[in-house]
Protein chains: 2
Amino acid sequence: MRADMFDPACPSRLSPVRIGDKWGGMIILCLEGGPRRFSELRVPLRRVTAKVLTESLRALERDGLITRTAYDENPPRVEYALTPLGRTMLEPIAWCREWARDHLPQVVAAREAYEVTP
Amino acid sequence: MRADMFDPACPSRLSPVRIGDKWGGMIILCLEGGPRRFSELRVPLRRVTAKVLTESLRALERDGLITRTAYDENPPRVEYALTPLGRTMLEPIAWCREWARDHLPQVVAAREAYEVTP
DNA sequence: CTGGATCCCGTTGGATACTG
DNA sequence: CAGTATCCAACGGGATCCAG
């Protein structure tokens, strides 16, 4: 996966829409193309520590949005994948991304204007 | 406005989608039908204190999603209203509500099943 | 390699009291 | 009426170290 997929400096991070916790939406997007390993997910989500990523994955698993499959190998391998329910989230996420693409510049501009005259 | 509009016990509150801070999405929905006064907003958002509501309103104003108009009267009157930019949020919010209506029961069920076998 | 265990700190948001 | 001022508890999430 591309390492700059979720650049922390990307203005899309300013979007007021959040799915689950801080990383939930991005994790779901990462899994759109198929199952991914733990360390694969850490590539695009560069700023997340292993602990926090684990917590986010557990939360998504608890809500039935992803599955966790551990293979009894050495070295260990764990794969995460979207459930059918998780896939249904892709649609609203796409809509929210579309909104961000179309309107986020206005939010950023309003925020900058507000800085000048608070 | 109806006082039970955002019942804290309503399962829709479990939706993983959030707009801005905790109350942002609900405030925007409250303003859908036209301008509202500060104390009007406190009715459906029963659990929010004046301080927190003020903070949320300021954040939405800062991002250009709502306007704040203070009338120089006695007693004082302040009205909040959606900007055109703020109105563009109604669409993604409606989509997310639709998703919640269709799929939230599955999330709740998954969460309950997870409780049994963590 | 995939996390669990700790520790820690900034932010969020709630309670309460007060004010122009 | 529409806030502000304080205070504070809870939570999110990051750093670091450790383990199977």
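Residues numbered from 1 in each chain as written. Chains lettered and ligands numbered in written order. Predicted model: local features only at pLDDT ≥ 70, side-chain atom pairs only at ≥ 80, totals over all residues. Heavy atoms only, no water.

Looking at an unreviewed UniProt entry, one finds chain A named Transcriptional regulator, with Phytohabitans aurantiacus as its source organism.

Tallying secondary structure elements over chain A gives five helices and four strands in all. Traced from its N-terminal end to its C-terminal end, chain A shows the element sequence β-α-β-α-α-β-β-α-α. For the C-alpha atoms alone, the extent of chain A along its principal axes is close to 60 × 25 × 25 Å. For chain A, with 118 residues in total, the buried portion stands at 40%. (Helix = DSSP H or I, 4+ residues; strand = E, 2+ residues; numbered from the N terminus. Buried < 20%, exposed > 50% of the residue type's maximum accessible area, 1.4 Å probe, protein only.)

What follows deals with the UniProt feature "domain: HTH hxlR-type" (unreviewed entry) in chain A. Feature annotation in UniProt places "domain: HTH hxlR-type" (unreviewed entry) on residues 10-108 of chain A, given in this structure's numbering. Helix makes up 49% of residues 10-108 of chain A and strand makes up 17%, while its end C-alpha atoms are separated by 12 Å. (UniProt positions renumbered as here; feature names shortened; annotations may be inferred.)

Before going further, it helps to spend a moment on the interface of chain A and chain B. For interface size, the figure often reported is the accessible area lost on association. Contact residues are listed per partner, giving 23 residues for chain A and 23 residues for chain B. Scanning the region where chain A abuts chain B turns up two salt bridges. A salt bridge links R111 of chain A to D63 of chain B, with the shortest nitrogen-to-oxygen separation between them at 2.8 Å. In this assembly, chain A and chain B are joined by eight residue pairs in polar contact (both at pLDDT 80 or more). Taken together, the elements giving at least two residues each to the side of chain A that touches chain B come down to β1 (17-19), α3 (50-62), α4 (84-88) and α5 (90-116) of chain A. Per-element tally for the side of chain A that touches chain B: the top contributor is α5 of chain A, with 10 residues. Its residues placed into classes, the side of chain A that touches chain B shows 12 nonpolar, five polar and six charged. Summarising the sheet, β1 of chain A and strand β1 (residues 17-19) of chain B pair through three bridges and their orientation is antiparallel. Residue pairing across strands places R18 of chain A opposite R18 of chain B, the latter belonging to β1 of chain B. (Contact = heavy atoms within 4.5 Å. Salt bridge = Lys/Arg side-chain N within 4 Å of Asp/Glu carboxyl O. Polar contact = N/O pair within 3.5 Å; in protein donor to acceptor, adjacent residues only side chain to side chain. Nonpolar A, V, L, I, M, F, W, Y, C, P; charged D, E, K, R; others polar. Pairing = 2+ DSSP bridges.)

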